[in-house]
Amino acid sequence: MSTAPQLPSDGARLRDERVHEVAMGEVSDVLLNLEHTLTRAKRALAKVRKDGGEQNIELALTALITDLGRTRKRLMQDTYYAGDAVRLV
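A few points on the structure. (Residues numbered from 1 in each chain as written. Predicted model: local features only at pLDDT ≥ 70, side-chain atom pairs only at ≥ 80, totals over all residues. Heavy atoms only, no water.)

### A word on the overall build of the protein
The helix and strand inventory of the protein stands at 2 helices and 0 strands. Sorting the 89 residues of the protein into buried and exposed places 13% on the buried side. Sequence-distant contacts, at least 24 apart, represent 58% of the contacts inside the protein between residues at least 6 apart. As displayed, the protein offers around 7,600 Å² of accessible surface, 57% of which is attributable to carbon and sulfur atoms. (Helix = DSSP H or I, 4+ residues; strand = E, 2+ residues; numbered from the N terminus. Buried < 20%, exposed > 50% of the residue type's maximum accessible area, 1.4 Å probe, protein only. Contact = heavy atoms within 4.5 Å. Areas by Shrake-Rupley, 256 points an atom, 1.4 Å probe, with all protein chains shown as cover.)

### Overview of the nonpolar core
Val27, Leu31, Leu34, Leu38, Ala41, Leu45, Val48, Leu61, Ile65, Leu68 and Met76 form the largest nonpolar core, which has 11 residues in total. Broken down by secondary-structure element, the contributors of at least two residues to this core are α1 (10–51) and α2 (55–79). Element by element, the count of residues in this core is highest for α1, at 7 residues. Ignoring sequence-local partners within four residues, the contact set of alanine 41 consists of Leu61, Leu64 and Ile65. (Core = buried A, V, L, I, M, F, W, Y, C linked by side-chain atoms within 4.5 Å.)

### Focus on the packing of α1 against α2
When two helices pack together, you describe them by how their axes are tilted relative to each other and by the distance separating the axes. Axis separation between α1 and α2 bottoms out at 9 Å; the angle between their running directions is 160°. When the axis of α1 is compared with that of α2, the two are roughly antiparallel. The handedness of the crossing between α1 and α2 is left-handed. The residue makeup of the contact of α1 with α2, split by class, is 17 nonpolar, 5 polar and 5 charged. (Axes fitted to C-alpha atoms, helices over the stretch in contact; angles between N-to-C directions. Parallel < 35°, antiparallel > 145°, perpendicular 65-115°, else oblique. Left-handed = near helix turned anticlockwise from the far one by under 90°. Nonpolar A, V, L, I, M, F, W, Y, C, P; charged D, E, K, R; others polar.)

### Considering the pattern of salt bridges
Side chains that differ in sign of charge can pair as their charged atoms come close. Counted by the stated rule, this structure contains 6 salt bridges. Glutamate 58 is the salt-bridge partner of arginine 49, the closest N and O atoms lying 3.6 Å from each other. Salt-bridge contacts for aspartate 78 lead to arginine 74; the nearest nitrogen and oxygen are separated by 3.0 Å. With aspartate 78 and arginine 74 both in helix α2, this residue pair falls 4 residues apart, about one helical turn. (Salt bridge = Lys/Arg side-chain N within 4 Å of Asp/Glu carboxyl O.)

### Thoughts on α1
Counted at 1.5 Å a residue, the expected span for α1 with its 42 residues is 62 Å, and the 61 Å between its end C-alpha atoms agrees. Within the sequence span of α1, burial applies to Met24, Val27, Leu31, Leu34, Leu38, Ala41, Leu45 and Val48. Where α1 terminates, the next one or two residues include glycine 52, which has phi positive at roughly 75°. (Expected span 1.5 Å × (residues − 1).)

### Points about α2
Look at α2: 36 Å from first C-alpha to last across 25 residues, which is about the 36 Å you get at 1.5 Å a residue. Along α2, the residues classified as buried are Leu61, Ile65, Leu68 and Met76. Here the buried face of α2 lies against α1.

Have a look at this one:
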């Protein structure tokens, strides 16, 4: 006697889809905030450079912009483009 694999019921599948949709909505909100923060940091850096004389602030903003860009890219790769793969830390 062979046992066929159990497929998820339609109810379970719909619940899983809703959970995934809500989670992706949260990711979308975070990405939007990251985009706004990156834009604001770039604007701040341009102003600080224009005004001059604040090298430490320029360096801090430059590092922040780099880090935020990496974080944004990583979040997108780990969520939107991950598929069914599980990321191992």
